[in-house]
Amino acid sequence: MVLAVAGLVFGLANLRSSLPGRSEKLPEVVDFNWHIRPILSDRCFACHGPDEKKRQAGLRLDTREGALAPLDSLRTRFAIVPGQPEKSELLRRIFSTHPDSIMPSPASHLTLSLFEKQLLRRWIEQGAQWKPHWAFITPQRPTVPAVRRSGWDKNPVDAFVLEKMEAQDLSPSPEADKARLLRRLSFTLTGLPPAAALQARFLADEAPDAYERVVDSLLASPAYGERWALNWLDLARYADTHGYQDDLPRLMWPWRDWVIKAFNENMPIDRFVSWQLAGDLEPQATKEMLLASAFNRNHKITQEGGVIDEEYRVEYVADRTNTLGKAFLGLTLECSRCHDHKYDPISMREYYGVFAFFNQVPEVGFVPNLQTPKPYMFITAADLNGPLAFLNARSALQKPDDTLRQMVMHDSLGLRQTHRLHRGQYDQPAEAVPFAMPAAVLPFDTARWPANRRGLSQWLFDARNPLTSRVWVNRLWQEVFGQGIVVTAENFGVQGALPTHPELLDWLAVEFRESGWDMKHMLRLLVCSATFRQSAVADERALAADPENRWLARAPRTRMPYEFIRDNVLASSGLLVSEIGGPPVKPWQPPGIWEEITTEKSSNAFRGEYSYVPDTVPEKMYRRSLYTYYRRTIPPPTHLSFDAPMRENCEVRRTRSNTPLQALVMLNDRQILEAARVLAAGLLRDPALPSPAARIGAAFRRILTRDGGKKELNDLEAFYQQALARYQASPEAAQALLHTGRFPVDAALPAAEQAALMLVVSTIYNLDESVVL
């Protein structure tokens, strides 16, 4: 008899590093989720060789039933015998030194450390207790921990963070200076630098609650809603075109304006989400609720002739299903479309049970060119004086009979039966499936909730749901601290990262739910913490001990998204137009990019939709980047250079790269150079700034919201003098530089001085501190 356990594989490669707070001291009580699950593979196959039937019959250690199953027909050998390590074949094999019996097998190129072997032994000694995956256990509010260091923490967040710091023998950093802290706070909450008046007031305010009052001021700013809408547009896969090959325009910006309004009003998140999932199904649904439901229509829609209608209709329903999983549950539901999920307890039947909620829309897969896909609602001029008064649509609805082309949700009168689709194929229906949600998360009780999207939203915000509040607060933490407590914000499943601070995550999740789903309350809690207020400067010891800053012994330093970078350039130069909402705008971008992907059709009847024509009026050229026209097949190129998503699918976490292309954008982009020129001209006209040194110091403060150091300013002034000499010797070069952009050149100012100061301003825009928080 060949012992099957000889072929066990351990999933160490990608999970060992996610053990939260692991030290080499064995814990008194070994927990399956935090200590054992990261060691054992999600699926441990017991047989060698390519035989699929034998492989599928292999041993699984991620379930109690699989791990306790007998290894032989006589039922005399078991991989794990709870409480009896000496009878557990698993332990004999992992401590073996013989190449034919050691686990993991030498062929797997994986190893277990002595610490991990001892963890497994102690776990078996203590009874080998299994638990459901941590994310599927309803969070309970943990007790705020007592810590050794007193007087540092400002709220419970700090106590949980400090507990982990102390366990790693780390200490918190000092509080950041007021100027840097204000800049960090302002960008975190509004995506913009602090206004000069706010900065002056805060720096002069010595009251003990000065910081908290500036937090409240920023939370009340209209810019707050725009900043948080940007994240939601990524998640909602918002764009101004339909996607696919033709990628013709669509009207979706009224929904975007509603999102801004909802965030600014601090709409409770349960209502915010429920209206978007099922606003059309609310009792006595208003036009505002109906508009909110457009969230579900942000997916791509084809307008290409010759497609199979049902194939694409099914793709639209699958998109909504997958978006629900990633956006609200932090699960990869799409992995269950063609087969049962390989890692998480989600069956294929359950996938199509979720699919059923979104499968009731009276829609078609193919929509003729330039027609608004049904179902849709009309927005009229009268609505702007009533339920949709928040829309910035006066320019689009100038006549009483003008209307706007807005997609929304609506269910068919009859019930469409949903089937499991064999291999996920639209034309291979199998058995019928009922409305359902993954039972491992929370069974969907049709006696408790209606079998429609409204019932689905009620299921999401049920107090027993273990995921909704955790997923949401984790994304807030990600935006405030650079990465989530669960780094894989898109995946809370078995293959996702473990939380670095699991008790803190649960405390925040319960606090969020019990606060009435109050997002501003949660953000205030995070940014008022001592953890957030720390300096980002790291000493060598802390940097060596925690290079990824997982334990938050210093403030994080993260590169800002391009939208923040461009908006900072516009705001500091005085060009930014602060108008909220309205149709998308087209600021300058390099010519010819759209034309590169034109089709035969687009070069004829639809050419106007395929040529990018930049706006030429300041009211449109200098709007916040949130409003830039977003074409799916070729989004704004500078946004893409800084890792903005294509908006073809739901994205909850932008990648953050550092490439030479980003440096080239900052050095050469016409919008940045134009802003540098406008700011330089304004400084030259200011009578309170009589010298180059004074102007350079003012530019530094305007852009970085702090005073420059002596060496910094001396270096910049030396650069200014070099540039001035060059442009005095070459006036034509100065003129060529000054005519960058459409904003009028002030011919009354000395060209050489203006060009030299423009280069200094551009240099400050290119500093690391200008693009990093």
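Whatever comes next refers back to the structure up there.
Residues numbered from 1 in each chain as written. Predicted model: local features only at pLDDT ≥ 70, side-chain atom pairs only at ≥ 80, totals over all residues. Heavy atoms only, no water.

Draft legend 1. The overall build of the chain, seen in detail. If you tally the helices and strands in the chain, you get 31 helices and 4 strands. Whereas a compact globule of 773 residues would reach a radius of gyration of roughly 28 Å, the chain reaches 29 Å, a difference of no more than 12%. Across its three principal directions, the C-alpha atoms of the chain cover 100 × 65 × 50 Å. The burial tally for the chain puts 56% of its 773 residues in the buried class. (Helix = DSSP H or I, 4+ residues; strand = E, 2+ residues; numbered from the N terminus. Rg over C-alpha atoms; globule rule 2.2 N^0.38 Å. Buried < 20%, exposed > 50% of the residue type's maximum accessible area, 1.4 Å probe, protein only.)

Draft legend 2. Representation of the packing of helix H12 (residues 269–278) against helix H16 (residues 453–460) within the structure. One can describe the packing of H12 onto H16 by two numbers: an axis separation of 8 Å at closest approach and a directional angle of 155 degrees. In terms of their interaxial angle, H12 and H16 are classed as roughly antiparallel. Once H12 is placed against H16, the crossing between them reads as right-handed. Counted together, Val273, Ser274, Leu277 and Ala278 of H12 and Arg453, Arg454, Ser457 and Leu460 of H16 form the full contact between these two elements. The residue inventory of the contact of H12 with H16, partitioned by class, reads 4 nonpolar, 2 polar and 2 charged. (Axes fitted to C-alpha atoms, helices over the stretch in contact; angles between N-to-C directions. Parallel < 35°, antiparallel > 145°, perpendicular 65-115°, else oblique. Left-handed = near helix turned anticlockwise from the far one by under 90°. Contact = heavy atoms within 4.5 Å. Nonpolar A, V, L, I, M, F, W, Y, C, P; charged D, E, K, R; others polar.)

Draft legend 3. The packing of aromatic side chains, seen in detail. Tallying each qualifying case throughout the model produces 36 aromatic pairs. Their ring planes at 55 degrees and their centres at 6.5 Å tell us that phenylalanine 202 and tyrosine 211 sit as a pair that is tilted. Residue classification places phenylalanine 202 among the buried residues on the basis of a relative accessible area of 6%. According to the relative accessible area criterion, tyrosine 211 is buried, its value standing at 6%. Directly above the aromatic system of tyrosine 629 lies the positively charged group of lysine 586, at a separation of 4.7 Å from the ring centroid. (Phe/Tyr/Trp six-rings, centres within 6.5 Å; stacked < 30°, edge-to-face > 60°. Lys NZ or Arg CZ within 6 Å of the ring centre and 35° of its normal.)

Draft legend 4. Looking closely at unusual backbone geometry. Note that the residue after methionine 103, namely proline 104, is joined by a cis bond; omega there is -10 degrees. Of note, proline 104 is situated in the loop between helix H4 (89–94) and helix H5 (114–125). The omega angle of the peptide bond from lysine 374 to proline 375 is -5 degrees, so this bond is cis rather than trans. With respect to the element layout, proline 375 can be found in the loop between helix H15 (348–357) and strand E1 (379–380). The phi dihedral of alanine 128 falls on the positive side, at around 50 degrees, and the residue is not glycine. Here alanine 128 lies in the loop between H5 and helix H6 (156–167). Positive phi values are uncommon outside glycine, yet tryptophan 517 reaches one of about 60 degrees.

Draft legend 5. Structural context of the side chain of threonine 705. Position of threonine 705 relative to the elements: it lies in the loop between helix H27 (692–704) and helix H28 (710–729). The exposure class of threonine 705 is buried, given its relative accessible area of 2%. Those residues in contact with threonine 705 that lie beyond four places of it in its chain are Ala179, Arg183, Pro193, Pro194, Gln199 and Phe700.

Draft legend 6. Local environment of the environment of isoleucine 672. The topology assignment puts isoleucine 672 in helix H26 (residues 670–685). Separated by 238 residues in sequence, isoleucine 672 and proline 434 place their C-alpha atoms 55 Å apart.

Draft legend 7. Spatial organisation of the nonpolar core. Counting residues in each nonpolar core, the largest one holds 186 residues, and the members touching the most others are Trp232, Trp255, Phe272 and Leu508. Beyond its immediate chain neighbours, meaning those up to four positions away, leucine 508 contacts Val157, Val473, Trp477, Ile485, Met522, Leu525 and Leu526. Among the nonpolar cores identified, the runner-up in size contains 22 residues, and Ile36, Leu61, Leu119 and Ile124 belong to it. (Core = buried A, V, L, I, M, F, W, Y, C linked by side-chain atoms within 4.5 Å.)

Draft legend 8. Inspection of the packing of helix H7 (residues 178–190) against helix H9 (residues 210–219) at higher detail. One can describe the packing of H7 onto H9 by two numbers: an axis separation of 9 Å at closest approach and a directional angle of 30 degrees. On the basis of their axis angle, the class for H7 and H9 is roughly parallel. Crossing geometry of H7 relative to H9 is assigned as right-handed. Here H7 contributes Leu181, Leu182, Leu185, Ser186, Leu189 and Thr190 to the contact with H9, which in turn contributes Tyr211, Val214, Val215, Leu218 and Leu219. Taken together, the residues of the contact of H7 with H9 break down into 9 nonpolar, 2 polar and no charged.

Draft legend 9. Layout of H6. For H6, built from 12 residues, the straight-helix expectation of 16 Å at 1.5 Å per residue is met to within 8% by its first-to-last C-alpha distance of 17 Å. Along H6, the residues classified as buried are Val157, Asp158, Ala159, Phe160, Val161, Leu162, Lys164, Met165 and Glu166. Among the structural elements, helix H17 (468–481), helix H18 (502–514), helix H19 (519–527) and helix H20 (530–533) are those in contact with the buried residues of H6. Sitting at the amino-terminal end of H6 is asparagine 155, which places a side-chain oxygen 3.0 Å from the backbone nitrogen of valine 157. One or two positions beyond H6, positive phi appears at aspartate 169, with a value near 60 degrees. (Expected span 1.5 Å × (residues − 1). Polar contact = N/O pair within 3.5 Å; in protein donor to acceptor, adjacent residues only side chain to side chain.)

Nothing here speaks to function; it is all geometry.
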